[in-house]
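Chain by chain, the residues:
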Amino acid sequence: MRVDAVFVGRAYLGGRFEEVAVAVEGDTIAAVTKPALAPRGEETVVLSPKQLLLPGMVDLHVHMREPGLEHKEDWRSGSMSAAKGGVTCVFDMPNNVPPANTCDRLREKVAKALSKSIVDFGLYAGCSDEPETLKPCADLFFGFKLYPEDLYSPRAQPTFKLAAELGKPVFVHAEDPSLFRDSPLHSEARPPEAEASAVELALELARSTGAWLHLTHVSTKPALEKILASKALGKVTFDVTPHHMLLSDSLYRSPLAKIAKVNPPLRSEEHRAAVYAAARSGAADALVTDHAPHALAEKLSENPPPGFPGLELALHLLLKEVLEGRLPPSAIDLYSSKPARLAGLRKGVIAPGFDADLVIVELAEWSVKGSELVSKAKYTPFEGWTMRTKTVATYVRGRCVYRDGEFGEGGARA
Ligand code: DOR
Ligand code: ZN
């Protein structure tokens, strides 16, 4: 047997690392064998002892900003950021200008992303007054996304009902705007209570409609407790972000305050530790970046928009926690096999029959510099952090889209 490519080296095989050969045929992983039993490949990639082979990461929550806000990011720059971060599939949020909440706009976005993205992608549909009109194009989107203003509007209930009917998840950004306060400190302006209150409403809507509720970027302890207690009652899933795991609201009293502004806000140590624990225990269903790029000038303005880029750093932040012993290797599943399974994809796992989405990382110490990101947003609240790994190469369904600072051509799949 002769296959297209064979990767030989230390690979992550669900919870552990093992010396193997991974055979790739076309788009797909054909076999995983002991190195001595590897089939011959047209191309053979032998990893060095300092390199690891990982499945491509799957990010269920990003903002590529196109169409409408291309000065912040576009499908090319955003997907390059993903490829450099070892992320081979992204799910893009609908808060474009105009919002991606009609079939025509979703169709346009798919066409745009197909022509520009170098990684695979999925889309969310935004909330609208007529959610039913999305039925004919249900195959174009993975789930619905509700922002705080949608959750507290008459649009919420019909969206949950339609989601239940279509068997799609409703991704909810849970914050109750009625509990927002005037405060110069971002973490006080949008207090922890606002999240718990919105989680309760979302759980109630899920219970009454039977829809699959997914709470995204959960950031507080009480909200986590409510979600974990509800898991037995219906299909309820949730994700956490690297920033809510690793950063706290002390940044709002630092020179990085504007850069670190994000919704929901970074929280106090107690909440941060609870989010971290949800990742460590495996209770969380996924890790997401909420990659939310804005122009630097916007972030440094009087009233900066919330969010910052995350795609280039998330995997390496995760590996730092693993390599420094604070997370088990199985935490890698949070950003690969677990989100892939939620999305119903044969991705995020190095096993026969799965997409040949592969990432080679190398043990290397480097210091994070926002100015060096390939995202259009050249800043990060992780400025100056020491990383333990860097991406050497990224393959999407067998095609090399990134190697040593160079990007390959796309051919993304929706
Ligand atoms: O920090 C955030 N940024 N939170 C959101 O809910 C929106 C996002 C964005 O689109 O910039
Ligand atoms: Zn978001």
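Residues numbered from 1 in each chain as written. Chains lettered and ligands numbered in written order. Predicted model: local features only at pLDDT ≥ 70, side-chain atom pairs only at ≥ 80, totals over all residues. Heavy atoms only, no water.

With respect to the overall build of the chain
Right, so step 1: Each helix and strand in the chain was counted, giving twelve helices and 17 strands.
Right, so step 2: Computed over its C-alpha atoms, the radius of gyration of the chain comes to 20 Å, within 12% of the 22 Å expected for a compact globule of 414 residues.
Right, so step 3: Looking at the chain as a whole, 60% of its 414 residues are labelled buried.
Right, so step 4: Considering only residue pairs separated by 6 or more positions, the chain has 71% of its internal contacts joining residues 24 or more positions apart.
Right, so step 5: Counting only carbon and sulfur atoms, one obtains 54% of the accessible surface of the chain, whose full area is about 15,500 Å².
Right, so step 6: The chain carries 49 positive and 53 negative side-chain charges, and their two centres are separated by 3 Å. (Helix = DSSP H or I, 4+ residues; strand = E, 2+ residues; numbered from the N terminus. Rg over C-alpha atoms; globule rule 2.2 N^0.38 Å. Buried < 20%, exposed > 50% of the residue type's maximum accessible area, 1.4 Å probe, protein only. Contact = heavy atoms within 4.5 Å. Areas by Shrake-Rupley, 256 points an atom, 1.4 Å probe, with all protein chains shown as cover. Lys, Arg positive; Asp, Glu negative; His and termini not counted. Charge placed at Lys NZ, Arg CZ, Asp CG, Glu CD.)

A look at unusual backbone geometry
Right, so step 1: Cis geometry marks the peptide bond from Glu66 to Pro67, where omega comes out at 10°.
Right, so step 2: Within the element layout of this structure, Pro67 appears in the loop between strand E6 (57-62) and helix H1 (75-84).
Right, so step 3: Between Asn263 and Pro264 the backbone carries a cis peptide bond, its omega angle lying at -10°.
Right, so step 4: Position of Pro264 among the secondary structure elements: in the loop between helix H8 (242-246) and helix H9 (269-280).
Right, so step 5: With phi around 75°, Arg65 is a residue other than glycine that occupies positive phi space.
Right, so step 6: Mapping Arg65 onto the fold places it in the loop between E6 and H1.

Quick notes on the coordination of the zinc ion (ligand 2)
The expected angle between donors at a tetrahedral four-coordinate metal is 109.5 degrees. At an octahedral six-coordinate metal it is 90 or 180 degrees.
Right, so step 1: Only His61 (NE2), His63 (NE2) and Asp290 (OD) from the protein coordinate the zinc ion (ligand 2), and they sit 2.0 to 2.2 Å from it.
Right, so step 2: Each donor residue of the zinc ion (ligand 2) lies on one chain, and together they are spaced H-x1-H-x226-D. Pair noted here: His61 is in strand E6 and Asp290 is in the loop between strand E13 (286-287) and helix H10 (296-299), with a separation of 229 residues, a long-range link. For the residue pair His61 and Asp290, the accessibility class agrees, reading buried in each case. (Donors = N, O, S within 2.8 Å, 3.2 Å for Na, K, Ca; no water.)

Re the pattern of salt bridges
Right, so step 1: Enumeration according to the criterion identifies 33 salt bridges in this entry.
Right, so step 2: In this structure, Arg181 and Glu193 form a salt bridge, with 3.9 Å as the shortest nitrogen-oxygen distance. Of this pair, Arg181 sits in the loop between strand E10 (169-172) and helix H5 (186-189) while Glu193 is found in helix H6 (residues 192-209), placing the two residues twelve residues apart along the sequence.
Right, so step 3: Residue class for Arg181 comes out partly exposed when judged on its relative accessible area of 47%.
Right, so step 4: Judged by relative accessible area, which is 44%, Glu193 ranks as partly exposed.
Right, so step 5: Note that Arg388 is salt-bridged to Glu365, the shortest N-O span being 2.7 Å. (Salt bridge = Lys/Arg side-chain N within 4 Å of Asp/Glu carboxyl O.)

Points about the site of ligand 1
Right, so step 1: As a structural note, the neighbourhood of ligand 1 is formed by His63, Arg65, Asn95, Tyr147, His173, Val262, Asn263, Ala292, His294, Pro306 and Gly307.
Right, so step 2: Between ligand 1 and the protein, one listed contact pairs an oxygen atom with a side-chain N or O atom of His173 at 3.0 Å.
Right, so step 3: Here an oxygen atom of ligand 1 sits 3.0 Å away from a polar atom, N or O, in the side chain of His294.
Right, so step 4: Burial of ligand 1 by the protein chains amounts to 90% of its free accessible area of 290 Å².
Right, so step 5: For the shell around ligand 1, a count of residues per class yields four nonpolar, six polar and one charged. (Near = heavy atom within 4 Å. Polar contact = N/O pair within 3.5 Å; in protein donor to acceptor, adjacent residues only side chain to side chain. Nonpolar A, V, L, I, M, F, W, Y, C, P; charged D, E, K, R; others polar.)

Here's the deal with the nonpolar core
Nonpolar side chains in soluble globular proteins generally cluster together in the buried interior.
Right, so step 1: Membership of the largest hydrophobic core comes to 93 residues, with the highest contact counts inside it found for Val90, Phe160, Val172 and Leu215.
Right, so step 2: Sequence-distant contacts of Phe160, defined by excluding residues within four places in its chain, comprise Leu146, Leu151, Val170, Val172, Ala202, Leu205, Ala206, Thr209, Ala211 and Leu213. (Core = buried A, V, L, I, M, F, W, Y, C linked by side-chain atoms within 4.5 Å.)

Here's the deal with the environment of Gly398
Right, so step 1: Following the sequence through the fold, Gly398 ends up in the loop between strand E15 (386-396) and strand E16 (399-403).
Right, so step 2: Sequence separation between Gly398 and Val24 is 374 residues; the distance between their C-alpha atoms is 6.7 Å.

Some remarks on the environment of Phe238
Right, so step 1: Along the chain, Phe238 falls in strand E12 (residues 236-240).
Right, so step 2: The spatial distance from the C-alpha of Phe238 to the C-alpha of Leu287 is 8.9 Å, given a sequence separation of 49 residues.
Right, so step 3: The contacts of Phe238, once residues within four sequence positions are left out, are His214, Leu215, Val218, Leu224, Ile227, Leu228, Lys231, Ala278, Ala283, Ala284, Asp285 and Ala286.

Description of the confidence of the model for the chain
Do not read the fine detail of predicted coordinates wherever pLDDT is low.
Right, so step 1: Scored by pLDDT, the chain comes out at a mean of 97, with 100% of its residues at no less than 70.
Right, so step 2: For the chain, per-element mean pLDDT is lowest for strand E17 (residues 406-407), which scores 96, and highest for H8, which scores 99. (pLDDT = per-residue confidence, 0-100.)

Focus on the environment of Ala163
Right, so step 1: The residue Ala163 is located in helix H4 (residues 156-166) in this model.
Right, so step 2: Classification of Ala163 by relative accessible area gives buried; the value is 0%.

Some thoughts on the packing of helix H7 (residues 221-230) against H9
Right, so step 1: One way to put it is that H7 packs onto H9 with a least axis distance of 8 Å and a crossing angle of 35°. For the pair H7 and H9, contact is made by Lys221, Pro222 and Leu224 and by Glu270, His271, Ala274, Val275 and Ala278, respectively.
Right, so step 2: Considering only residue class, the contact of H7 with H9 consists of five nonpolar, one polar and two charged. (Axes fitted to C-alpha atoms, helices over the stretch in contact; angles between N-to-C directions.)

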